[in-house]
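Examining the three-dimensional arrangement
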Amino acid sequence: MVGRRPLGRQFGWLWAAYAVSAYGSGLGFGAFPLIAVLALHAGPAEVSALSAVGPAVGALIAVPLAPWVEFRRKRPVMIAMDLTRFAVMATIPVAYAFGWLSFVQLLVVSALVAAAKIAFNAAGGAYLKALVQPDDLLVANARFESTNWSSIAVGPPLGGAAIALFGPVTTVVADALSYLLSALGITAIRGGEEAPRKREEASQATGKGPVRAGALLDGWRHIMGHPGLRALYLNNMLVGGLIMATEPLLAVLLLRQLGFPPWQYGLAFAAPCLGGLIGSRLAHRVVARYGRSAVFRTVGTLRAIWLIGLALVRPGVVGLVTVMAVELAIIINMSLYTPVLATYRLEHTPNHLVARTLSAWSIGQQAAIAILTALAGLLADATSPRTALTVAGLLMLTTPLLLPRHDHAPQHGAELARSHS
């Protein structure tokens, strides 16, 4: 059974730390826009800027962080990023209590949290690769994926109730504390961690040698130089960007134009997230039976064909069921596909490039989301949210063309080292 496969106590602590921060983030999902609206009386333009500009700036900040993460032990980096997120998020309830909270502060905090998240995930991916056996990577990634989707299913409804009862910054406090608890969990992991390669570390510190000259771009060079990773990277940027771009459009369509009450809107997104538990638990079995290439081609295609259905939403119960069915189909396929992709990415990246590759991947994803969200918003303003949803759905249907047609077996040993020297 996938769910009961033992991965060791050290992984257990890492998984527990991830779960705590994931559920904290689930509680705080959408907290910044809510605070901007409820506490600062921000308008639509400011709320859109908060959703797009903060993460985009955070992605830019993360670019020079990638080599810094690469050439340090990963567990201290993860702890530092958790403590950074705790500290910067804690400034919001403090400023709110004293009446100092401003929109600029929300933007700054959003950017810093986004940058710390990218750095944490880069270090975490590299640490996971060193912590578990190669054959267990898919099982480990599937567990993270199931935890992520369950936190999204449970967290936002509870967070909404907490905000209604205790005020707009309540869930920010919970989210901040979850990073502190995550840092404590990672601290509890015992055992030595292999130091980064000495030659590269020295080159990075002194600014001499090829590592320093190309450190900022090495992640992208590796991705774009690998046929499989390049295809998956471009596909994932477009798929993720289009899915995220539909969220504000759907909010306007459902809440303003079709008159859905807020609780139905929340239910339409929270309940389908339980499908993430289904897909993630199936990942290992599906790969074992059909192979990874089949997952990329078939499941990668299946996750792309449903988005167009959001343009067909109508008022009433039928419309609510339509949204939930579309979201459920997308999430089941995404939660099956994502751990397979994460495992493939780690297997096809040499150890000395993992952090930079994962950083480049996340930065590209954040940039795609920001650009496509902004373009979708402009199109909706010029036409209508339903038209913009239709265009997004039609573009999504083209994304399977970017999927790799062949699996590329990972290189090993000296061959891998030579190809990236």
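Procedures and definitions
Residues numbered from 1 in each chain as written. Predicted model: local features only at pLDDT ≥ 70, side-chain atom pairs only at ≥ 80, totals over all residues. Heavy atoms only, no water. Phe/Tyr/Trp six-rings, centres within 6.5 Å; stacked < 30°, edge-to-face > 60°. Lys NZ or Arg CZ within 6 Å of the ring centre and 35° of its normal. Helix = DSSP H or I, 4+ residues; strand = E, 2+ residues; numbered from the N terminus. Buried < 20%, exposed > 50% of the residue type's maximum accessible area, 1.4 Å probe, protein only. Contact = heavy atoms within 4.5 Å. Axes fitted to C-alpha atoms, helices over the stretch in contact; angles between N-to-C directions. Parallel < 35°, antiparallel > 145°, perpendicular 65-115°, else oblique. Left-handed = near helix turned anticlockwise from the far one by under 90°. Nonpolar A, V, L, I, M, F, W, Y, C, P; charged D, E, K, R; others polar.

Overview of the packing of aromatic side chains
- Taken as a whole and assessed by the stated rule, the structure comprises 7 aromatic pairs.
- A cation sits over an aromatic face here: Arg85 above Phe120, 4.8 Å from the ring centre.
- Above the plane of the ring of Tyr337 lies Arg303, whose end atom (NZ or CZ) is 3.9 Å from the centre.

Section: the side chain of Ser182
- Note that Ser182 resides in helix H7 (residues 170-187).
- Residue Ser182 is classed as buried on the basis of its relative accessible area of 0%.
- The contact partners of Ser182, leaving out residues within four places of it in the chain, are Ala17, Val20, Ser21 and Asp82.

Description of the environment of Asn148
- When you line up the elements, Asn148 lands in helix H6 (residues 137-166).
- On the basis of relative accessible area, Asn148 is assigned to the partly exposed category, the value being 25%.
- When the C-alpha positions of Asn148 and Cys273 are compared, they lie 9.2 Å apart, and in sequence the two are 125 residues distant.

Quick notes on the packing of helix H13 (residues 275-290) against helix H15 (residues 316-347)
- Relative to each other, H13 and H15 sit at 40 degrees, their axes nearing to 7 Å. Here H15 runs oblique to H13, going by the angle between their axes. When you trace H13 past H15, the crossing you get is right-handed. Only Leu328, Ile331, Ile332, Ser335, Leu336, Pro339 and Val340 of H15 make contact with H13, whose side of the interface consists of Gly275, Gly276, Ile278, Gly279, Ser280, Leu282, Ala283, Val286 and Val287.
- Classifying every residue of the contact of H13 with H15 gives 11 nonpolar, 5 polar and no charged.

Observations concerning helix H14 (residues 292-302)
- For H14, the full list of buried residues reads Arg292, Ser293, Val295, Phe296, Val299 and Gly300.
- The inward-facing, buried residues of H14 contact helix H11 (227-257), H13 and H15.

Some points on the packing of H14 against H15
- In contact at an axis separation of 10 Å, H14 and H15 are set at 140 degrees when each is read in the N-to-C sense. In terms of axis orientation, H14 runs oblique to H15. The two elements H14 and H15 cross, and the hand of that crossing is left-handed. Contact residues: H14 offers Arg292, Val295, Phe296, Val299, Gly300 and Leu302, while H15 offers Asn333, Leu336, Tyr337, Val340, Leu341, Tyr344 and Glu347.
- Looking at the contact of H14 with H15, its residues break down into 9 nonpolar, 2 polar and 2 charged.

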